[in-house]
Amino acid sequence: MDKKTIPDNGIVDLPARAIGDAWTWTAIQEMIHTYKDKDKNEDKDKHIKVGEVYINAEFKVTPNVSIQILPSAGSSMLRLYVVNINAIDGADGGRTQIAVFAQTLDGCDAIGQHFLTMSVTGVPVKGPKI
């Protein structure tokens, strides 16, 4: 995926203490079309949108992720079909990337604005970076 077509990190709230050693992060991100056709400078897969969020924590085990896709008025309905959770090693303790792919229910173009809201709960390797 061309990194230039992915929006910034959206809004990720400060972590809140959950049960035991677990912490919870919430995020909101606008979803965009996934790939651009370089020759025509238009969206290649018009029925697919993606949202990507980075959490400033590396988790001991895969975190619990709750996702909701919110369409604006008059937008196509989308269904979730892929969630990728990747640990990114770093000198400062690492980060976690969560990428969400959604597609239209009937294969038509994904028109309108779509927002991804996410709640991530997990036990970080180190205390969260606040």
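Preceding this section is the structure that the text describes.
What counts and how
- Residues numbered from 1 in each chain as written.
- Predicted model: local features only at pLDDT ≥ 70, side-chain atom pairs only at ≥ 80, totals over all residues.
- Heavy atoms only, no water.
- Phe/Tyr/Trp six-rings, centres within 6.5 Å; stacked < 30°, edge-to-face > 60°.
- Helix = DSSP H or I, 4+ residues; strand = E, 2+ residues; numbered from the N terminus.
- Buried < 20%, exposed > 50% of the residue type's maximum accessible area, 1.4 Å probe, protein only.
- Pairing = 2+ DSSP bridges.

Asker: Account for the packing of aromatic side chains, with residues named and values stated.
Answerer: How two aromatic rings sit relative to each other is set out by the distance from centre to centre and by the angle between their planes. Under the criterion given, the structure shown has one aromatic pair. With 5.4 Å between their ring centres and 90 degrees between their planes, tryptophan 25 and phenylalanine 59 make a pair best called edge-to-face. Taken as a pair, tryptophan 25 in strand β3 (residues 23-30) and phenylalanine 59 in the loop between β7 (48-55) and β8 (64-71) lie far apart in primary sequence, 34 residues in all. The class of tryptophan 25 is buried, set by a relative accessible area of 3%.

Asker: Outline the sheet that holds β7, listing residues and values.
Answerer: Backbone hydrogen bonds are what pair the strands of a sheet, in a parallel or an antiparallel way. What the four strands build is an open sheet, ordered β4-β7-β10-β9; its pairing is antiparallel. Two strands bound the open sheet, and with one partner strand each, they are β4 (32-33) and β9 (78-88). In terms of strand pairing, β4 meets β7 through two bridges, oriented antiparallel. Bridge pairing links isoleucine 32 to valine 50 in β7.

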